[in-house]
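The lines below spell out each chain.
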Amino acid sequence: MVMRWLVGDALAPIVVWDEPFFQGKKHEFTTDCYSTPEHGFSTVRSCKIESGAWAGFEHCGFQGQQFVLERGEYPCWEAWSGSNAYHVERMCSFRPIACAVSAPAPAPPAGRPRAEMSDDCPSLPALGWGSSTVGSFLVRSGAWVCSQYPGYRGFQYLLESDSPAGEYKHVREWGSHAQTGQVQSIRRVQQ
């Protein structure tokens, strides 16, 4: 069963500001924000998550680099960017993430190795995964973040069980910015 974080009848809120360090115009959201400009923000410069988890995106329409935002404070873009290779100073759309605990299981093509994950893995190579790439995933429940490099660094790819059957058969299904299947660390999205 996939659980969404509820506050009364609404999802747990994300509070955003149009300036760094929680300054400037402030707005609270409890549902998807497809486009921050439609709400008077050119971009989000800081935010707070009281509970639950949210996915932030570089561009409007849930496009571009993805950011997983869990409970906590994000005073500036460096706090959520998570990528040393690709600095993103904007977040223009975001949505809540369905959270539950379980594991993604890479669903390999015929002849490729298969692994099932039941816990966070800061380094797939250290576990003996013989490749820097993963061909596909099957997410049985919950939400997981795959990172390009060990130690949860580099590009982030959000994989959720409530996408069509939790199946991600090709790298282009991981997000609009995904170019390669390079995944070297995986972790659960925290509640």
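One numbering rule holds for all chains: residues counted from 1, following each sequence as written. With the structure being a predicted model, the display of local features is reserved for residues of pLDDT at least 70 and the display and counting of side-chain atom pairs for 80 or more, all residues being used for whole-chain, interface and lining totals. Note that the side-chain values use all heavy atoms of the structure and ignore hydrogens as well as water.

**Brief notes about the UniProt feature "domain: Beta/gamma crystallin 'Greek key'" (unreviewed entry) in the protein chain**
Okay, step 1: UniProt positions are given in the numbering used here, feature names are shortened, and annotations may be inferred rather than shown by experiment. Per the UniProt record, the feature "domain: Beta/gamma crystallin 'Greek key'" (unreviewed entry) sits at residues 12-51 and 52-98.
Okay, step 2: Only DSSP runs of H or I covering at least 4 residues are called helices, and only runs of E covering at least 2 are called strands; the numbering of each starts at the N terminus. With 0% helix and 48% strand, residues 12-51 has its two end C-alpha atoms placed 6 Å apart.

**A word on the side chain of serine 185**
Okay, step 1: With respect to the helices, strands and loops of the structure, serine 185 is situated in strand β13 (residues 185-188).
Okay, step 2: The definition of a polar contact used here is a pair of N or O atoms within 3.5 Å, where within protein one atom must be able to donate a hydrogen and the other to accept one, and adjacent residues in sequence count solely through side-chain atom pairs. Reaching out from serine 185, the side chain makes a polar contact with the backbone nitrogen of tyrosine 152 at a distance of 3.0 Å.

**Some thoughts on the sheet that holds strand β11 (residues 153-160)**
Okay, step 1: Pairing between strands is defined by DSSP: at least two bridges between the two strands are required. Here 3 strands make up an open sheet; going across it, the order is β11-β10-β13 and the pairing antiparallel. In the strand order of this sheet, the two ends are held by β11 and β13, each with one partner. Between one strand axis and the next, the sheet turns by 25° as a mean value, whatever way the strands run.
Okay, step 2: Pairing between strand β10 (residues 143-149) and β11: 6 bridges, direction antiparallel. The partner of tyrosine 149 across the bridge, within β11, is arginine 153. Convention adopted: a line fitted to C-alpha atoms gives each axis, helices being fitted over their contacting stretch, and angles between N-to-C directions are expressed from 0 to 180 degrees.

**Regarding the pairing of strand β5 (residues 46-59)**
Okay, step 1: Accessibility here uses a 1.4 Å probe with only protein chains present; expressed as a share of the type maximum, an area under 20% marks a residue as buried, one over 50% as exposed, and anything in between as partly exposed. Counting buried residues in β5 gives 10 out of 14 residues, a clear majority hidden from the surface.
Okay, step 2: Alignment of strand β3 (residues 14-19) against β5, held across 4 bridges, turns out to be antiparallel. Paired with valine 16 across the two strands is cysteine 47, which belongs to β5.
Okay, step 3: In textbook terms, the turn of a hairpin is the stretch between consecutive antiparallel strands, and for β5 and strand β6 (residues 63-74) this stretch comprises 3 residues, one of which, glycine 61, has a positive phi near 75°.
Okay, step 4: Summarising the sheet, β5 and strand β7 (residues 93-96) pair through 4 bridges and their orientation is antiparallel. Looking across to β7, one finds that phenylalanine 57 is bridged to serine 93.

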